[in-house]
Amino acid sequence: MRPDLFEAPDYYNLDDLFSQEHLLVRDAARQWVKRDVSPIIEEYAQKAEFPKQIISGLAEIGAFGPYIPEEYGGAGLDQISYGLIMQEIERGDSGVRSTASVQSSLVMYPIYTYGTEAQRKKYLPKLAAGEWMGSFGLTEPNHGSNPSGMETKFKDMGDHYLLNGAKLWISNSPFCDIAVVWAKNEEGRIHGLIVERGMEGFTTPETHNKWSLRASATGELIFDNVKVPKENLLPNKTGLGAPLGCLDSARFGIAWGAIGAAMDCYDTALRYAKERIQFGKPIAATQLQQKKLAEMITEITKAQLLAFRLGQLKNEGRATTAQISMAKRNNVEMAIKIAREARQVLGGMGITGEYSIMRHMMNLESVITYEGTHDIHLLITGADITGMPAFK
Ligand code: TGC
Ligand code: FAD
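Residues numbered from 1 in each chain as written. Chains lettered and ligands numbered in written order. Predicted model: local features only at pLDDT ≥ 70, side-chain atom pairs only at ≥ 80, totals over all residues. Heavy atoms only, no water.

Per an unreviewed UniProt entry, the protein goes by glutaryl-CoA dehydrogenase (ETF) and derives from Maribacter sedimenticola. Per its UniProt entry, the protein bears the Catalytic activity (unreviewed entry) comment "glutaryl-CoA + oxidized [electron-transfer flavoprotein] + 2 H(+) = (2E)-butenoyl-CoA + reduced [electron-transfer flavoprotein] + CO2". (UniProt positions renumbered as here; feature names shortened; annotations may be inferred.)

**Some words on the site of ligand 1**
Around ligand 1 sit 27 residues in total, of which S171, R251, T321, E371 and G372 are the nearest. At 2.7 Å from an oxygen atom of ligand 1 is found a side-chain nitrogen or oxygen belonging to S171. E371 places a polar main-chain atom, nitrogen or oxygen, 2.8 Å from an oxygen atom of ligand 1. Protein burial of ligand 1: of its 1200 Å² of free accessible surface, 69% is covered by the chains. Among the secondary structure elements, those contributing two or more residues to the shell around ligand 1 are α4 (94-114) and α6 (241-275). (Near = heavy atom within 4 Å. Polar contact = N/O pair within 3.5 Å; in protein donor to acceptor, adjacent residues only side chain to side chain. Areas by Shrake-Rupley, 256 points an atom, 1.4 Å probe, with all protein chains shown as cover. Helix = DSSP H or I, 4+ residues; strand = E, 2+ residues; numbered from the N terminus.)

**A few points about the site of ligand 2**
Around ligand 2 sit 17 residues, and of these T139, S145, W169, T373 and D375 come closest. Between ligand 2 and L138 there is a distance of 3.0 Å, counted from an oxygen atom to a backbone nitrogen or oxygen. One nitrogen or oxygen atom from the side chain of T139 is found 2.7 Å from a nitrogen atom belonging to ligand 2. When the free accessible area of ligand 2 is taken as 980 Å², the share hidden by the protein chains comes to 67%. Of all the secondary structure elements, the ones that give two or more residues to the shell around ligand 2 are β3 (160-171) and α10 (374-386). Tallying contributions element by element places β3 first for the shell around ligand 2, with 3 residues. Considered class by class, the residues forming the shell around ligand 2 number 8 nonpolar, 7 polar and 2 charged. Inspection of the shell around ligand 2 shows a minimum of three residues originating in each of domain 2 (134-234) and domain 3 (241-386). (Nonpolar A, V, L, I, M, F, W, Y, C, P; charged D, E, K, R; others polar. Domains from an automatic or database assignment.)

And the structure:
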């Protein structure tokens, strides 16, 4: 892969709206991605392996639990800082951002929000430091968009719970130390349980042959009569709203992250178009390529403004699930369209690993599906504006 020459577009001077802290946090993440992710990520994506050596760097830039209070090892930052960190990481690779999203929003968030003080103290500092890695098990083989139908269940055995079932498509599962797992009790009520690697009957087979998110490890979580200690139940919220609350946080991060992938594709295409000479002039001087580039920067700018306002609302505790859905849906679609257009600007070179665009494009096919598909987010908006849910 070529040297990382990335220069971030800021067409509407958004930097003027960020605080000094936002800019410091963002620039630290940006520099880290340039130094530690860009030089190796293509190789790891090609060999379909998560680069575990970057875990400590992710912890150092505050990517694990950015908004978790410092007393539990988090960075104690606001939601806009969290968004900016996700943007910068996904500028490098969506799979790396996935690892950070899962650790922060899907593992640390539920432990912090729904857990006991003992659970917070036991797990959060190690997760923040990257000493332990987590995964989040909601999706099942027969229940993706409709998690309320989940079949994974647990039984109260007096001194412990007995857990049975299977989760599919789980980011970080092959190497996770713990998993936050959503399962039904005997009354059919959904609860969160912390399952630890090493518990008998708990296995995490890897899912192979992915054409997307190749630098992220994806797998299953299988529970075959796993004895889970009673103190591992998350007691402070039950029902589908508990995992959906975690998704609000992760989807917010993706709304920002997708901007990073789009920025990288745009920046690469702009530089290439200025340098590539055909018919005796740079292709950037042709109207067709300018149309592509001008539309890209327009869409990136709109997505940045959407994310920024959503960040303000989230900081005030006012961002609704439907507002988050709209931003996730819009910004991921924006990024995938830009990746497809940018790839064309590079002609044949666009399909090679010399440039990051094709990798972003393939990654975004997962991003547009996970954390709620593109269709489901449209239906969430539809239900919000009409008051008539059309899922069923
Ligand atoms: P519905 O009847 O709408 O709601 C059930 C209960 O939940 C409450 N609720 C929420 N509570 C908190 N936060 C939210 N965001 C909430 N949304 C809903 C709701 O009030 C209700 O409460 P109650 O007390 O009345 O029971 O549920 P439904 O079964 O009709 O489903 C709605 C639907 C389709 C929107 C939802 O299930 C959904 O979002 N489906 C998509 C599934 C999904 O996004 N899965 C993601 C899996 S994790 C993942 O992909 C990680 S990838 C990470 C990475 O690698 O980066
Ligand atoms: P389905 O729900 O079967 O949907 C198939 C199609 O039907 C989609 O186009 C969908 O939009 C459409 N559809 C579904 N319902 C409706 C409806 N009511 N109306 C109209 N159309 C509908 N899950 C986790 O729990 N944890 C993870 O860490 C995780 N990581 C993932 C990593 C990757 C790489 C991928 C690909 C997925 C991951 N997922 C994870 C799972 C992800 O959240 C699901 O794939 C997603 O929610 C969709 O579920 P599904 O794949 O079963 O598709």
